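# Notes for the structure review
In case you want the letters, here they are:
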Amino acid sequence: MNYADAIARAERLLERALELGALRYGDFTLSSGAKSYYYFDGRLLTTDGESVEIVASIFLQILAKRNIHQFGGPAVAAVPIIGGIALMAHTKGYDLKGYFVRSEQKQHGMGKQIEGHITPGDRVAIWDDTISTGGSLLDAVDAVAALPTEINIALCILDRNQGGSDKLRERGIPLFNILTSNSEGRVEVDTATLKEWFE
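The notes below deal with the structure included here.

Calculation notes
Residues numbered from 1 in each chain as written. Predicted model: local features only at pLDDT ≥ 70, side-chain atom pairs only at ≥ 80, totals over all residues. Heavy atoms only, no water. Phe/Tyr/Trp six-rings, centres within 6.5 Å; stacked < 30°, edge-to-face > 60°. Helix = DSSP H or I, 4+ residues; strand = E, 2+ residues; numbered from the N terminus. Lys NZ or Arg CZ within 6 Å of the ring centre and 35° of its normal. Core = buried A, V, L, I, M, F, W, Y, C linked by side-chain atoms within 4.5 Å. Buried < 20%, exposed > 50% of the residue type's maximum accessible area, 1.4 Å probe, protein only. Contact = heavy atoms within 4.5 Å. Pairing = 2+ DSSP bridges. Axes fitted to C-alpha atoms, helices over the stretch in contact; angles between N-to-C directions.

### A look at the packing of aromatic side chains
Under the counting rule described, the total for this entry stands at eight aromatic pairs. Between F59 and W127, the ring centres sit 5.6 Å apart and the planes meet at 70°, which makes this aromatic pair edge-to-face. Note that F59 is positioned in helix α3 (residues 49-65) and W127 in strand β6 (residues 123-131), a separation of 68 residues in sequence. Taken together, the ring pairs connect F59, F71, W127, F176, W197 and F198 into an aromatic cluster. The positively charged end of K65 is found above the aromatic ring belonging to F198, 5.1 Å away from the centroid. Looking at R186, its charged tip hangs above the ring of Y25, at a distance of 3.7 Å from the centre.

### Quick look at the nonpolar core
Counting residues in hydrophobic clusters, the biggest one holds 44 residues, and the most contacted among them are F59, F71, L155 and F176. In this view, F176 contacts I58, F59, I62, I153, A154, L155, C156, T193, L194, W197 and F198; residues no more than four positions away in its chain are not counted. Within the second largest apolar cluster, 19 residues are counted, among which are Y99, V124, L138 and V141.

### Quick look at the sheet that holds strand β4 (residues 97-101)
The mixed open sheet is built from seven strands, whose spatial order is β5-β4-β3-β6-β7-β8-β9. Of all strands in the sheet, those with a lone pairing partner are β5 (114-116) and β9 (187-189), marking the two edges. With direction set aside, neighbouring strand axes in the sheet form an average angle of 30°. Relative to strand β7 (residues 150-159), β6 runs parallel, the two sharing eight bridges. Bridge pairing links I131 to D159 in β7. Together, β3 (70-74), β6, β7 and β8 (175-181) form the strand contacts of α3, whose direction differs from that of β7 by roughly 155°. This element, helix α7 (residues 191-198), spans β7, β8 and β9 of the sheet and lies at about 155° to β8.

What follows is the structure, encoded as structure tokens:
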């Protein structure tokens, strides 16, 4: 996939977000208490077949470039896309496994907080559908890093530009995102990021 292909797919993903009602404009209060001119529900995309194919095809190229072994993130948001990406990777002969991080360690069974195939020393990508202040994603970063293992890159569909991506970079974790929120509070394709990674 080249830059033009990536842009075309990202533009279609944005259209699909509007079609599905995953992106709505208005006056909203976020879980952080902050006000927003839009609401984005990434799960409406990651449970939609066309959207999963778009996201998986873009992400998989980034993961392959970084030689990633494991792909996952915090439950619940990270879970739907993991299977789609693992399946697409398998069809292309790329050995990529998935994992997800619970908000708390289980109190029964094996007592796990991290579910999946992740093992110490793997090159890991971590993902969330949206990054705002980064709270849930950074909690998952801490859990994965404690294995220990190397978190090589973070990915998301939408960076809301509310500080979470800066916190990742402070930890030395680069971020790849498809969509971004501009200064007017509109969601658009992040052409700069796509150019950086696909040209």
